[in-house]
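Structure assessment
This is what each chain is made of:
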Amino acid sequence: MHIHKYEKIWLLFGIISLLAFTVTIGVSAFYMGNQPPSCLVTVDPTKLDTTAPFDQPGLKQVGEKDYELVVVASAFNYDVGPEKVIQVPVGSKINFIGTTKDVIHGFEVAGTNANMMLEPGYINTVETTFNKPGKYTIVCNEYCGLGHHLMFATVEVVE
Ligand code: CUA
């Protein structure tokens with residue numbers, strides 16, 4: 001069978017691309033430990049007020065520069081504890097643990113890789129490290145109703 005020269009070049013290009021992407025995904029998953037958001041942990045959205053850890057939303061320090069932020073989203077608010085502004089020192093890693101009481105909300109920490117969906121009945125988590133001081137706005141990026149644009153909270157990273 002005769003294969004045209006340009007056809008061979010394209011085939012080779014396709015095969016090399018496929019290998020490159022496979023290696024990239026492999027390294028990302030098995031060496032760097034990246035995983036897609038799981039959404040495999042469930043919770044009763046009607047009993048969040050009495051279910052740990054969502055009965056006490058807010059920031060908890062779990063290590064020297066390790067934090068957990070428990071977030072309960074609802075139309076149209078992020079409950080991140082008594083204050084709307086979370087403060088952590090620069091270099092801190094925060095594990096965001098979130099769910100929602102009512103409808104699907106987004107959860108994005110603008111300017112970072114933290115971006116997940118909050119679905120009723122499911123717990124979702126995302127982790128990010130803050131190496132630069134500044135104010136990072138948590139925004140809802142799933143349209144959830146009339147007050148969608150009012151949903152926000154702030155992570156303030158201080159020296
Ligand atoms: Cu919550 Cu949009």
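Residues numbered from 1 in each chain as written. Predicted model: local features only at pLDDT ≥ 70, side-chain atom pairs only at ≥ 80, totals over all residues. Heavy atoms only, no water.

As annotated in an unreviewed UniProt entry, the protein chain carries the name Cytochrome aa3 subunit 2 and is attributed to Schinkia azotoformans MEV2011. Turning to the protein chain, the UniProt annotation filed under Subcellular location (unreviewed entry) states: "Cell envelope". For the protein chain, the Catalytic activity (unreviewed entry) comment in UniProt is given as "4 Fe(II)-[cytochrome c] + O2 + 8 H(+)(in) = 4 Fe(III)-[cytochrome c] + 2 H2O + 4 H(+)(out)". (UniProt positions renumbered as here; feature names shortened; annotations may be inferred.)

Glancing now at a nonpolar patch on the surface. A contiguous nonpolar surface patch, about 530 Å² in accessible area, is contributed by Tyr 6, Ile 9, Trp 10 and Phe 13. Looking at the secondary structure, you find Ile 9 in helix H1 (residues 5-31). (Patch = residues over 30% accessible without salt bridge, like charges linked within 9 Å, V, L, I, M, F, W, Y side chains within 5 Å. Areas by Shrake-Rupley, 256 points an atom, 1.4 Å probe, with all protein chains shown as cover. Salt bridge = Lys/Arg side-chain N within 4 Å of Asp/Glu carboxyl O. Helix = DSSP H or I, 4+ residues; strand = E, 2+ residues; numbered from the N terminus.)

This part takes up the domain arrangement of the protein chain. Split by domain assignment, the protein chain resolves into domain 1 (1-35) and domain 2 (38-157). The distance between the C-alpha centroids of domain 1 and domain 2 comes to 37 Å. (Domains from an automatic or database assignment.)

With that out of the way, let us pick up the side chain of Asn 124. Along the chain, Asn 124 falls in strand S9 (residues 122-130). A distance of 3.0 Å separates a polar atom in the side chain of Asn 124 from the backbone oxygen of Met 117. (Polar contact = N/O pair within 3.5 Å; in protein donor to acceptor, adjacent residues only side chain to side chain.)

A few words on the UniProt feature "transmembrane region" (unreviewed entry) in the protein chain. Mapped onto this structure's residue numbering, the UniProt feature "transmembrane region" (unreviewed entry) falls at residues 9-32. For the annotated span residues 9-32, helix accounts for 96% and strand for 0% of the residues, and the straight-line distance between the end C-alpha atoms is 33 Å.

What follows deals with the side chain of Glu 156. Within the secondary structure, Glu 156 is located in strand S11 (residues 152-158). At 4.6 Å, Lys 135 is the nearest oppositely charged side chain to Glu 156, a buried residue that forms no salt bridge. If sequence neighbours within four positions are ignored, Glu 156 has contacts with Val 85, Ile 86, Gln 87, Val 88, Gly 134 and Lys 135. (Buried < 20%, exposed > 50% of the residue type's maximum accessible area, 1.4 Å probe, protein only. Lys, Arg positive; Asp, Glu negative; His and termini not counted. Contact = heavy atoms within 4.5 Å.)

Moving on to unusual backbone geometry. It is generally the case that most residues other than glycine have a negative phi and that most peptide bonds are trans. Looking along the chain, the bond that leaves Ala 52 and enters Pro 53 is cis, with omega of 0°. Of note, the bond from Ala 75 into Phe 76 is cis; its omega dihedral lies within 30 degrees of zero at 5°. Relative to the elements of secondary structure, Phe 76 occurs in the loop between strand S3 (66-74) and strand S4 (77-79).

In this structure the tally under the stated criterion is five aromatic pairs. With a centroid separation of 5.8 Å and an interplanar angle of 85°, the aromatic rings of Tyr 78 and Phe 107 are classed as edge-to-face. With a gap of 29 residues between them, Tyr 78 in strand S4 and Phe 107 in strand S7 (residues 105-109) connect regions that are remote in the sequence. Overall, Tyr 78 belongs to the buried group, its relative accessible area being 1%. When the ring of Phe 96 is compared with that of Phe 130, the centres are 6.4 Å apart and the planes differ by 80°; the resulting orientation is edge-to-face. (Phe/Tyr/Trp six-rings, centres within 6.5 Å; stacked < 30°, edge-to-face > 60°.)

Counting 26 residues, the largest nonpolar core has Tyr 78, Ile 94, Phe 96, Phe 107, Val 109, Phe 130 and Val 155 as its most contacted members. Top contributing element to this core by residue count: S3, with four residues. In this structure, Phe 54, Val 70, Val 72 and Ile 123 belong to the second largest nonpolar core, which totals seven residues. (Core = buried A, V, L, I, M, F, W, Y, C linked by side-chain atoms within 4.5 Å.)

Let us look at the sheet that holds strand S10 (residues 134-139). Pairing is mixed across the open sheet formed by five strands, whose spatial order is S5-S11-S10-S7-S8. Edge strands, defined here as strands with exactly one partner in the open sheet, are strand S5 (85-89) and strand S8 (115-118). For this sheet the average axis-to-axis angle between neighbouring strands, irrespective of direction, equals 20°. With five bridges joining them, S5 and S11 adopt parallel strand pairing. Residue pairing in the sheet places Gln 87 in a bridge with Glu 156 of S11. (Pairing = 2+ DSSP bridges. Axes fitted to C-alpha atoms, helices over the stretch in contact; angles between N-to-C directions.)

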